[in-house]
Amino acid sequence: MSLSRLCEMEMAERFAYYGVSSNLITYLTGPLAQSTATAAENVNAWSGVASLLPLFGAFLADSFLGRYRAIIIASLIYVLGLGLLTLSAVLLSGSTSECQNTSCSANQFQVIFFFFSLYLIALGQGGHKPCVQAFGADQFDSQHPQESKLKSSFFNWWYFGMCMGTFVTLTVLNYIQDNLNWILGFGIPCILMVVALVVFLLGTKIYRYSLKGEEKSPFLRIGQVFVTAVRNWRITPSAIALEEEARGTLPHQSSEQFKFLNKALLASNGSKGYGKVCSVGEVEEAKALLRLVPIWTTCLVYAIVFAQSSTFFTKQGVTMDRSVVADFQIPAASLQSFISLAIVLTIPIYDRIFVPIARTFTRKPAGITMLQRIGTGMFLSAASMTGATLVEMKRLKTAEEYGLVDKPNVTIPMSVWWLIPQYALLGVSEAFTMVGLQEFFYDQVPTELRSVGLSLYLSIFGVGSFLSSFLISAIENATGGDGRDSWFANNLNKGHLDYFYWLLAGLSFIQLVVYLYFAKSYIYNRGNAS
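Residues numbered from 1 in each chain as written. Predicted model: local features only at pLDDT ≥ 70, side-chain atom pairs only at ≥ 80, totals over all residues. Heavy atoms only, no water.

The chain appears in an unreviewed UniProt entry as Protein NRT1/ PTR FAMILY 5.10 from Citrus sinensis.

**A short note on the overall build of the chain**
Put simply, the test is: Put simply, DSSP marks the helices as runs of H or I at least four residues long and the strands as runs of E at least two long, and each gets a number from the N terminus on. With a 1.4 Å probe rolled over the protein chains alone, any residue whose accessible area is under 20% of its type maximum counts as buried; one over 50% counts as exposed, and the rest are partly exposed. The contact rule is simple, with two residues in contact once any of their heavy atoms fall within 4.5 Å. The method behind every accessible area is Shrake-Rupley, applied with a 1.4 Å probe, and residues are considered shielded solely by the protein chains displayed.
Within the chain, the regular secondary structure consists of 17 helices and 4 strands. For the chain, with 530 residues in total, the buried portion stands at 55%. Long-range pairs, those at least 24 residues apart, make up 82% of the contacts in the chain with a sequence separation of at least 6. As presented, the chain carries roughly 22600 Å² of accessible surface, and 65% of it is formed by carbon and sulfur atoms.

**Details of the side chain of Ser 22**
To keep it simple, the criterion reads: Here a polar contact is taken to be a pair of N or O atoms separated by no more than 3.5 Å, where protein atoms must pair a possible hydrogen donor with a possible acceptor and residues adjacent in sequence count only if both atoms sit in side chains.
Mapping Ser 22 onto the fold places it in the loop between α1 (2-21) and α2 (24-29). Given a relative accessible area of 0%, Ser 22 falls into the buried group. Within the structure, the side chain of Ser 22 is placed 2.5 Å from the backbone oxygen of Tyr 18, a separation counted as a polar contact. Here Asn 174 takes part through its side chain, which lies 3.2 Å from a polar atom of the side chain of Ser 22. In this structure, Ser 22 is in contact with Leu 170, Asn 174, Ser 310, Thr 314, Ala 333 and Gln 336, ignoring residues within four places of it in sequence.

**Concerning the packing of helix α11 (residues 300-307) against helix α16 (residues 450-479)**
The following threshold applies: Note on method: axes are straight lines fitted to C-alpha atoms, helices fitted across the in-contact stretch only, with angles between N-to-C directions ranging 0 to 180 degrees. Working rule for angles: under 35 degrees goes down as roughly parallel, over 145 as roughly antiparallel, 65 to 115 as roughly perpendicular, anything else as oblique. Here a crossing is taken to be left-handed if its near helix is turned anticlockwise relative to the far helix by less than a right angle, and right-handed if that turn runs clockwise. Gly is put with the polar residues, along with every residue not named as nonpolar or charged; the nonpolar set is Ala, Val, Leu, Ile, Met, Phe, Trp, Tyr, Cys and Pro, and the charged set is Asp, Glu, Lys and Arg.
Closest axis-to-axis distance for the α11/α16 pair is 8 Å, and the angle between their directions is 65 degrees. As summarised for this structure, α11 and α16 are arranged roughly perpendicular, according to the angle between their axes. The hand of the α11/α16 crossing is right-handed. Along the contact surface, α11 presents Leu 300, Tyr 302, Ala 303, Ile 304, Phe 306 and Ala 307, while α16 presents Ile 460, Phe 461, Val 463, Gly 464, Ser 465, Leu 467 and Ser 468. Looking at the contact of α11 with α16 residue by residue, the class counts come to 10 nonpolar, 3 polar and no charged.

**Quick notes on the environment of Ala 239**
In this structure, Ala 239 sits in helix α9 (residues 237-247). For the pair formed by Ala 239 and Lys 263, sequence separation is 24 residues and the distance between their alpha carbons is 8.8 Å.

**Here's the deal with the environment of Val 168**
Its place among the elements puts Val 168 in helix α6 (residues 145-179). Between the alpha carbons of Val 168 and Leu 341 there is a distance of 10.0 Å; along the sequence they are 173 residues apart. Once you skip the residues sitting within four places of it in the chain, Val 168 turns out to touch Phe 15 and Leu 173.

**A word on the packing of aromatic side chains**
Heads up, the condition is: Within 6.5 Å between ring centres, the rings of Phe, Tyr and Trp (the latter by its six-membered ring) count as paired, and their orientation is classed by plane angle as stacked under 30 degrees, edge-to-face over 60, tilted in between.
One pass over the structure, following the stated rule, counts 31 aromatic pairs. The interplanar angle of 80 degrees and the centroid separation of 5.9 Å between the aromatic rings of Tyr 457 and Phe 461 together place this pair among those described as edge-to-face. With Tyr 457 and Phe 461 both in helix α16, this residue pair falls 4 residues apart, about one helical turn. Taken together, the ring pairs connect Phe 312, Phe 313, Tyr 423, Phe 488, Phe 500 and Tyr 501 into an aromatic cluster.

**Digging into the pattern of salt bridges**
Here is the rule we go by: Salt bridge, as used here: a side-chain nitrogen of Lys or Arg that lies within 4 Å of a carboxyl oxygen of Asp or Glu.
For the coordinates displayed, the defined rule picks out 6 salt bridges. For Arg 14, the salt bridge is made with Glu 13, and the minimal N-O distance between the two is 2.6 Å. Comparing Arg 14 with Glu 13 shows no difference in burial state: the two are buried. Lys 494 is the partner of Asp 406 in a salt bridge, and the nearest nitrogen-oxygen pair spans 2.9 Å.

**Details of helix α7 (residues 182-202)**
The condition is simple: Expected span of a helix, by definition, is 1.5 Å for each gap between consecutive residues, and there is one gap fewer than residues.
With 21 residues, α7 extends 31 Å between its outermost C-alpha atoms, agreeing within 8% with the 30 Å of an ideal straight helix rising 1.5 Å per residue. Within α7, burial applies to Trp 182, Gly 185, Phe 186, Gly 187, Pro 189, Cys 190, Met 193, Ala 196, Leu 197 and Phe 200. At the N-terminal end of α7, a side-chain oxygen is found 3.1 Å from the backbone nitrogen of Ile 183, two or three residues along, and the residue is Asn 181.

**Structural notes on the packing of helix α3 (residues 36-65) against helix α5 (residues 108-137)**
Contact geometry of α3 with α5 gives a least axis separation of 7 Å together with a crossing angle of 45 degrees. Taken together, the axis directions place α3 and α5 in an arrangement best described as oblique. The two elements α3 and α5 cross, and the hand of that crossing is right-handed. Only Phe 115, Leu 118, Tyr 119, Ile 121, Ala 122, Leu 123, Gln 125, Gly 126, Gly 127, Pro 130 and Cys 131 of α5 make contact with α3, whose side of the interface consists of Asn 42, Ala 45, Trp 46, Val 49, Ala 50, Leu 53, Pro 54, Gly 57, Ala 58 and Ala 61.

**Focus on the pairing of strand β4 (residues 412-415)**
Defined as follows: In short, DSSP must find at least two bridges between two strands for them to pair.
Burial along β4 is one-sided: the residues Ile 412 and Met 414 are buried and none of Pro 413 and Ser 415 is. Where strand β1 (residues 320-321) lies against β4, 2 bridges are found, and the strand directions are parallel. Paired with Met 320 across the bridge in β4 is Ile 412.

**Section: the side chain of Lys 315**
We count it as follows: Under the counting rule used here, the positive set is Lys and Arg, the negative set is Asp and Glu, and His together with the chain ends is not counted.
Mapping Lys 315 onto the fold places it in helix α12 (residues 312-318). Buried charge Lys 315 goes without a salt bridge, the closest partner of opposite sign being Asp 178 at 10 Å. In this structure Lys 315 touches Ile 25, Thr 29, Thr 36 and Leu 492, once residues within four positions along its chain are discounted.

**Structural notes on a nonpolar patch on the surface**
Inclusion rule: Each patch groups residues whose relative accessible area exceeds 30% and which form no salt bridge, using 9 Å between like charges and 5 Å between nonpolar side chains of Val, Leu, Ile, Met, Phe, Trp and Tyr.
Taken together, the side chains of Tyr 175, Val 324, Val 325, Phe 328 and Trp 417 define a hydrophobic patch exposed on the protein surface, amounting to about 430 Å² of accessible area. Among the secondary structure elements, Val 325 is positioned in strand β2 (residues 323-325). In this structure Val 325 comes out as exposed when scored by relative accessible area, which is 52%.

**Details of the nonpolar core**
Just so we agree on the cut-off: In this text, buried Ala, Val, Leu, Ile, Met, Phe, Trp, Tyr and Cys residues form a nonpolar core when linked through side-chain atoms within 4.5 Å.
Formed by 129 residues in total, the largest nonpolar core has its most connected members in Phe 114, Phe 200, Leu 371, Phe 440, Phe 461 and Phe 500. Leave out the neighbours within four places in its chain, and Leu 371 touches Ile 295, Phe 440, Tyr 515, Ala 519, Tyr 522 and Tyr 524. Counting residues in hydrophobic clusters, the runner-up holds 6 residues, among them Val 355, Ile 368, Leu 380 and Phe 432.

**What to know about helix α15 (residues 420-443)**
Under the 1.5 Å per step criterion, the end-to-end length of α15 is 34 Å for 24 residues, consistent within 8% with the ideal 34 Å. Counted residue by residue, α15 has 20 buried out of 24 residues, so it is predominantly covered.

**A closer look at unusual backbone geometry**
If a residue is not glycine, its phi is most likely negative; likewise, a peptide bond is most likely trans. A positive phi is found at Ala 33, a non-glycine position, where the angle reads about 55 degrees. The exposure class assigned to Ala 33 is exposed, which follows from its relative accessible area of 53%.

**Details of the confidence of the model for the chain**
To keep it simple, the criterion reads: Each residue carries a pLDDT score, the predictor's confidence in it, ranging from 0 to 100.
Per-residue pLDDT for the chain averages 83, and the proportion of residues at 70 or more is 87%. Scored below 50 in pLDDT, residues 270-274 makes 7 contacts in the model with residues more than four places away or belonging to other chains.

Put into structure tokens, the structure is as follows:
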């Protein structure tokens, strides 16, 4: 019962978040009249902030508030942001209706108010996102054999529920935004978040809560390891070896990694005297966090690719034939629903068919390791960008053949269904990489830092969005000017998204090679590689 309430809240939050993010580029280039490149940069910047703020929210939750209180506070901020965003749409709708036949755009106050509301939503999401999932995983008792086994499946089905909420958003809400009005399109997620918060509060008495012990904050413990190791930089390896022998061998082969941190086992003047001495466990915690850095870094290109589905993929769809039946066109942003649909279809197959089969060969509870799962998704992501490049080349060729290069408002006679494979492949890659990253960063950090662990996974996509924005800006400046159309020209028929996609595909394959190198040498914390 407690898990069902948490899943309902997460589905409502994903409905709200994607209700804003999935069609944001359409709102920016439409009612706010921004250029394609500027709108893409703004979407990426906002997505980046929304994905980095969970680091701050998780820190507050794990250090001071606790996950339960953090969820409530974040949800209230979220609802406030959605309410103000709806109000900004009302104000903009009123001012543009007064223009009647003359063209007009939003005034400065309306733009500032819109972006204030938008970033307030990002702040709410920053506290909500890492805490709800970590709070859900806390409902399993790690000491109970059956519940411990079910925890791996929990991440699969949690993501399944998230994608169901996203799927409904992309199929229903985007249609409302494109064909009815933006006021309803922003107002419905606000109402749904209010209902979800009430449902969450009704379950207060049945949740399991993690009780904080009297021990020192994990941030202070880990920070102390690095400070002590730096202070002891003069200590010789032989002194460290003697201390290790006196205390007993450090756990498995991890003692051979980041050996400089072993200096924290000694006081500043050797084996005794003044200065803080760290325990073996504290040194191992610091090493566990340090081992995450190469994995985190080698996932950034995947995050850049991930950012394209809500920006340039959508703008591609706008130019193509989106007719389904005589008088109905599928909204371009709704094509993202095929990502969610692919995930919804892939996860049950993965959990119920693939894992049991793989388990018989590998003898691992989860079938394959978390890092193997992440790497598989990276390969599929690179394949998706390769496919996207080929489709964009065909779209440009079709526009040229029909003489539509200089007619950006005329629909290109090429079915939008050509885009489905790139969306579907990206969805399958998410089912592998995203769920794998969630489980990996939750499992491989100290127990008290699991909200922070999940926020580290989210921060990959925050930094990835910023890198995507930087890449777009740099390419825009390098390829535009002097009367030339940039790769991201407002008239996509004159642009070269295919070049951009080729670049991302190449970077994705390079990233995969580097990732495999680090993944192969990774030492799992607590001996858990499943």
